[in-house]
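A closer look at the structure
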Amino acid sequence: METLQQVRPEHLNHHGFLFGGYMLMWVDEAAWIAASLDRPDCHFVTVGMERVEFRRKVQEGSILMFTIKESRVGRTSVTYQVDVVCRHAAGHEKSAEPVFSNQVTLVRVDEAGEKIAL
Ligand SMILES: CC(C)(COP(=O)(O)OP(=O)(O)OC[C@H]1O[C@@H](n2cnc3c(N)ncnc32)[C@H](O)[C@@H]1OP(=O)(O)O)[C@@H](O)C(=O)NCCC(=O)NCCS
């Protein structure tokens, strides 16, 4: 699955670049959407992400492309690899620069919020 997100002024930190918390929210949300579409009978909550590292600044106006792929299926959990690349809306930089990657694990829960087998 792929999703897109534009980086707008309200997403910036006080240095003028993307605030990392928004990146984490978008990655978590994208993994949850992928899991929910792949298994429409299941309800999921996020249990964990990998170690988080921000190695690239992201500018206002960037278009982020999220690619989400299932990478592991467990008994109650499913893990998605999320890779984020950055494109610039102005168009003069055509290449897509990798800016963030992580693995997000979600657990299937019942109506009471207790884990259950997939
Ligand atoms: C998700 C939840 C129901 C899991 O219950 P739990 O008793 O803590 O779960 P367990 O330790 O038995 O692990 C359940 C599964 O998650 C996996 N898991 C647990 N911690 C993990 C981590 N840090 N990273 C990746 N996977 C993890 C386990 O390997 C297991 O997978 P499997 O059943 O496929 O083998 C419970 O922790 C919970 O309700 N957490 C809050 C979720 C939430 O509110 N998320 C939003 C963020 S605030």
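Quick look at the structure, then. In this text the structure is predicted, and so the values were computed from the model without any measurement. (Residues numbered from 1 in each chain as written. Predicted model: local features only at pLDDT ≥ 70, side-chain atom pairs only at ≥ 80, totals over all residues.)

Taken together, 13 residues are adjacent to the ligand, and Gly48, Gly74, Thr76, Ser77 and Thr105 come closest. Of all the elements in the fold, those that place two or more residues in the shell around the ligand are β2 (43-49) and β5 (97-109). Among the elements that line the shell around the ligand, the one with the most residues is β2, at four residues. Taken together, the residues of the shell around the ligand break down into four nonpolar, seven polar and two charged. (Near = placed C-beta within 6 Å. Helix = DSSP H or I, 4+ residues; strand = E, 2+ residues; numbered from the N terminus. Nonpolar A, V, L, I, M, F, W, Y, C, P; charged D, E, K, R; others polar.)

Taking 1.5 Å of rise per residue, 19 residues should cover 27 Å, and helix α1 (residues 20-38) covers 27 Å from first to last C-alpha, within 8% of that figure. Met23, Trp26, Val27, Ala30, Ala31, Ala34 and Ala35 are the residues of α1 that are buried. The buried residues of α1 occupy an angular sector of 165° when the element is viewed end-on, so they sit on one face. Looking at the buried residues of α1, the elements they touch are β1 (2-6), β2, β3 (62-73), β4 (77-88) and β5. (Expected span 1.5 Å × (residues − 1). Buried ≥ 20, exposed ≤ 12 C-beta atoms within 10 Å, placed from the backbone. Arc of directions from axis to C-beta. Contact = placed C-beta atoms within 7 Å.)

What follows concerns the nonpolar core. Ranked by internal contacts, the top residues of the largest apolar core, which has 23 residues, are Val27, Ala30, Ala31, Phe66, Tyr80 and Val82. Of all elements in the fold, only α1, β3, β4 and β5 reach the threshold of two or more residues within this core. Contacts of Val82, omitting those with residues within four sequence positions, involve Val27, Ala30, Ala31, Phe66, Ile68, Ser101, Asn102 and Val104. (Core = buried A, V, L, I, M, F, W, Y, C linked by C-beta atoms within 7 Å.)

With that settled, consider the sheet that holds β4. Across the sheet, which stays open at both edges, the five strands sit in the order β1-β3-β4-β5-β2 with antiparallel pairing between neighbours. Two strands in the sheet have a free side with no partner beyond their single neighbour: β1 and β2. Averaged over all pairs of adjacent strands, the angle between strand axes in this sheet comes to 30°, irrespective of strand direction. Pairing of β3 with β4, which is carried by eleven bridges, proceeds in the antiparallel orientation. Counted as the bridge partner of Met65 is Val85 from β4. (Pairing = 2+ DSSP bridges. Axes fitted to C-alpha atoms, helices over the stretch in contact; angles between N-to-C directions.)

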